[in-house]
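Coordinates in review
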Amino acid sequence: MFSNAEIGIDLGTANILIYSKSKGIVLNEPSVVAIDINTKQVVAVGTEAKEMIGKTPKNIIPIRPLRDGVIADYDVTAQMLKALLKKVSKKAGISTRKPTVVVCTPSGSTSVERRAIHNAVTSYGAKQVHLIEEPVAAAIGADLPVDEPIANVVLDIGGGTSEVGIISFGGVVACNSVRVGGDRLDEEIIQNIRKHYNILIGERTAENIKMEIGYAHKNHKEESMDIRGRDMVTGLPKTITITSYEVYSAIQESLEQILDAVRATLEECPPELSGDIVDHGIVITGGGALLKGMQEWLSNELNVPVHIATNPLESVAVGTGRALKMINKLQKAAK
C-alpha cells in the first residue's frame, strides 16, 4: 500500500498544489513559510503563514522560498514540503510514505534548478521523482490531446513565471518562458501607487486590487476601489481611491512581455502545425487566466481563438498527477 502512493506536486511561486491519484487535488495552499529567526524553526506553513505577512513580530518572518518558479531557499522549501505532505496525510488520509512523485518545472529552468527541485522532494523520502515541464503538465490538466500529432498551445500564467508551449506527440515543439507573472503585476501596482500617491501598500493589498479591478483590456467600464496604506510623508495611515484605468496602465508593460513570449513561440512553430493553431487556438491556465479581459485581449492581439481552461488554477497540478500514467511516453518524447 505504501509504495503505491502516487502524487503530483505543482511547486508554484504563489501556491503549492498536491494531487493524489485516488482523490484528486488534496491540498492547495500558498507557498509561504513563517520562520522564527532565533530558533530557525518553522512556525507555520501555507495559509496560516500567508495570513502573517506584514503582521508578525520581528523574530518571525514569512518567507516565500520559491521565486520566479524556481527554488530560492532550498532548506526552507524542503521543510515546507515536509510540513505540507504531513498535512495531506492527516487531512486526506493518504499515505505519503515513499511515494512516487511527479513535479513540474518551468521550461526555462537550468539543470541546477531542476536538481534542487529533485533533491528537495527526494529529501522527504520519495521512492521515485519524475520532473515534467510545466506547459506539458498544464496541457494535460486542461484536457488537451497532447499525445496526438496536432498543435496544442498552452499559456500558463503563474505567480512567478509565464510559460508558453506548443505540444505535439507528447513533446514540446517550441516553448518560451518569461519571469513575469502574478507577483510582477502586484509589484507594478505597489510601485505605481507609491509613485503617484506617495502611499505604501503591502503585497496582499496589491493582490486584492489586481483581483477586484485589474483589467488586461483597455476598453472596459471604469471601476474604482478604496485602498488603505501608509502615507510616506506623514507616516500615518491614509485611504485613497484608485481606478481600474490606473491599474491597467500599471500592469500593461508586464502583460506586453507575456504577449511577446507568445508571439515568439508562435513564430517558432513549424508551418504544418500553424493550421491547427488557427483552428484550435490557445488555452490559458494559471492564476493569470482569471485577470479580467485577458481572453479578449489576447484573442484581439494574436488573431487566434483563446480559451480559458475549465479550472485554470488547478490545471498544472491535475496534469502533473495524470502524467504518472504517461510518464514513460513523455520521457521518450523529451529525449
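Computed from a prediction, not measured in an experiment: that's the story for all the values here.

**A short note on the nonpolar core**
Ranked by size, the top nonpolar core spans 43 residues in total, and within it Leu 155, Ile 193, Ile 201, Ile 209, Leu 255, Met 294 and Leu 298 carry the most contacts. The dominant element in this core, judged by the number of residues it contributes, is helix α7 (residues 244-267), at 7 residues. When we break this core down by domain, the ones giving at least three residues each are domain 2 (147-180 + 252-309) and domain 3 (182-250). Non-local contacts of Ile 201, meaning those with residues more than four positions away in its chain, are made with Ile 189, Ile 190, Ile 193, Ala 206, Ile 209, Ile 227, Arg 228 and Gly 229. Counting 26 residues, the second largest nonpolar core, distinct from the first, contains Ile 9, Met 80, Leu 81 and Val 88.

**Description of the environment of Leu 155**
Relative to the helices and strands, Leu 155 is located in strand β11 (residues 152-157). The spacing of Leu 155 and Ile 308 is 153 residues in sequence and 9.6 Å in space, taken between C-alpha atoms. If near-sequence neighbours (up to four positions away) are discounted, Leu 155 is found in contact with Glu 163, Val 164, Ile 258, Val 262, Ile 282, Val 283, Ile 284, Thr 285 and Leu 298.

**Quick notes on the pattern of salt bridges**
Enumeration over the complete set of coordinates arrives at 12 salt bridges. Notably, a salt bridge pairs Asp 186 with Lys 210, separated by 3.1 Å at the nearest N-O pair. Within this pair, whereas Asp 186 is found in helix α5 (residues 182-197), its partner Lys 210 is found in helix α6 (residues 203-213), the two being separated by 24 residues in sequence. The exposure class assigned to Asp 186 is buried, which follows from its relative accessible area of 8%. A residue is classified by how much of its surface remains accessible, and Lys 210, at 14% relative accessible area, is buried. The salt bridge partner of Asp 231 is Lys 238, with a shortest N-O separation of 3.7 Å. Salt bridges sharing common partners tie together Arg 64, Asp 183 and Glu 203.

**Considerations on the environment of Gln 191**
Considering the arrangement of structural elements, one finds Gln 191 in helix α5. Taking the C-alpha atoms as reference points, Gln 191 and His 118, separated by 73 residues in sequence, lie 35 Å from one another. A distance of 2.8 Å separates a polar atom in the side chain of Gln 191 from a polar atom in the side chain of Glu 187.

**Structural notes on the domain arrangement of the chain**
The assigned domain composition of the chain is domain 1 (6-137 + 315-334), domain 2 (147-180 + 252-309) and domain 3 (182-250). With centres defined by C-alpha atoms, the gap from domain 2 to domain 3 works out at 28 Å. Of the residues lining the interface, 16 residues belong to domain 2; the matching set on domain 3 comes to 17 residues. Roughly 1,300 Å² is buried in total at the junction of domain 2 and domain 3, and carbon and sulfur atoms are behind 52% of that figure. When the buried area of domain 2 at its contact with domain 3 is split by residue, Gln 252, Leu 291 and Lys 292 rank highest and sum to 45% of it. The partner of Lys 292 in a salt bridge is Glu 223, with the nearest N and O atoms 3.8 Å apart. Counting across the domain 2 and domain 3 interface gives 10 residue pairs in polar contact (both at pLDDT 80 or more). Taken together, the elements giving at least two residues each to the side of domain 2 that touches domain 3 come down to α7 and α9 (294-302). Along the lines of polarity and charge, the residues of the side of domain 2 that touches domain 3 split into 5 nonpolar, 8 polar and 3 charged.

**A look at the sheet that holds strand β5 (residues 41-45)**
Whenever strands of a sheet pair, they do so through backbone hydrogen bonds, lying parallel or antiparallel. Strand order across the open sheet formed by 3 strands is β5-β4-β6, with antiparallel pairing between neighbours. Where the open sheet ends on each side, the last strands, each with one partner, are β5 and β6 (60-63). Ignoring which end each strand starts from, the neighbouring axes of this sheet average 30 degrees apart. One ladder, built from 4 bridges, connects strand β4 (residues 33-36) with β5; its direction is antiparallel. Bridging from a neighbouring strand, Val 33 pairs with Val 45 of β5.

Procedures and definitions
- Residues numbered from 1 in each chain as written.
- Predicted model: local features only at pLDDT ≥ 70, side-chain atom pairs only at ≥ 80, totals over all residues.
- Heavy atoms only, no water.
- Core = buried A, V, L, I, M, F, W, Y, C linked by side-chain atoms within 4.5 Å.
- Buried < 20%, exposed > 50% of the residue type's maximum accessible area, 1.4 Å probe, protein only.
- Helix = DSSP H or I, 4+ residues; strand = E, 2+ residues; numbered from the N terminus.
- Domains from an automatic or database assignment.
- Contact = heavy atoms within 4.5 Å.
- Salt bridge = Lys/Arg side-chain N within 4 Å of Asp/Glu carboxyl O.
- Polar contact = N/O pair within 3.5 Å; in protein donor to acceptor, adjacent residues only side chain to side chain.
- Buried area = accessible area lost by both parts, 1.4 Å probe.
- Nonpolar A, V, L, I, M, F, W, Y, C, P; charged D, E, K, R; others polar.
- Pairing = 2+ DSSP bridges.
- Axes fitted to C-alpha atoms, helices over the stretch in contact; angles between N-to-C directions.

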